[in-house]
Amino acid sequence: MNRTPHQERIIRNYYQNRDSIGLQKAQEAVTELYLSEGKKRQTVWKRLASHLEKIGLKEDQIEKLRESDDPAAVAKLLEKFTG
């Protein structure tokens, strides 16, 4: 597949900023977590787990957060990444 230089730049920038994008999406998901319950909350946790992986959290850390089901704990953890 041939890509234009512009397309190549967009792809390269995405991968260079992937952790920043993941962090922003994780912060948005935490806000949703505060407001959701039941089945919706489970869906938000799935999405949040994916974003947490992208910023470098290990599966066992993510699982502990999910088990505690505490949005404040996740928010506090994300503060370390915003440095």
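Computed from a predicted structure; not experimentally measured.

## What to know about the side chain of histidine 51
- By the element assignment, histidine 51 lies in helix H3 (residues 39-54).
- In contact with histidine 51, other than residues within four places in its own chain, are Gly22, Lys25 and Ala26.

## Some remarks on the packing of aromatic side chains
- What the rule picks out here adds up to one aromatic pair.
- Centre to centre, the rings of tyrosine 14 and tyrosine 15 are 5.0 Å apart; their planes meet at 85 degrees, and the pair counts as edge-to-face.
- A relative accessible area of 35% means that tyrosine 14 is categorised as partly exposed.
- On the basis of relative accessibility, which here comes to 55%, the residue tyrosine 15 falls in the exposed class.

Here is what the cut-offs are and how they apply
- Residues numbered from 1 in each chain as written.
- Predicted model: local features only at pLDDT ≥ 70, side-chain atom pairs only at ≥ 80, totals over all residues.
- Heavy atoms only, no water.
- Helix = DSSP H or I, 4+ residues; strand = E, 2+ residues; numbered from the N terminus.
- Contact = heavy atoms within 4.5 Å.
- Phe/Tyr/Trp six-rings, centres within 6.5 Å; stacked < 30°, edge-to-face > 60°.
- Buried < 20%, exposed > 50% of the residue type's maximum accessible area, 1.4 Å probe, protein only.

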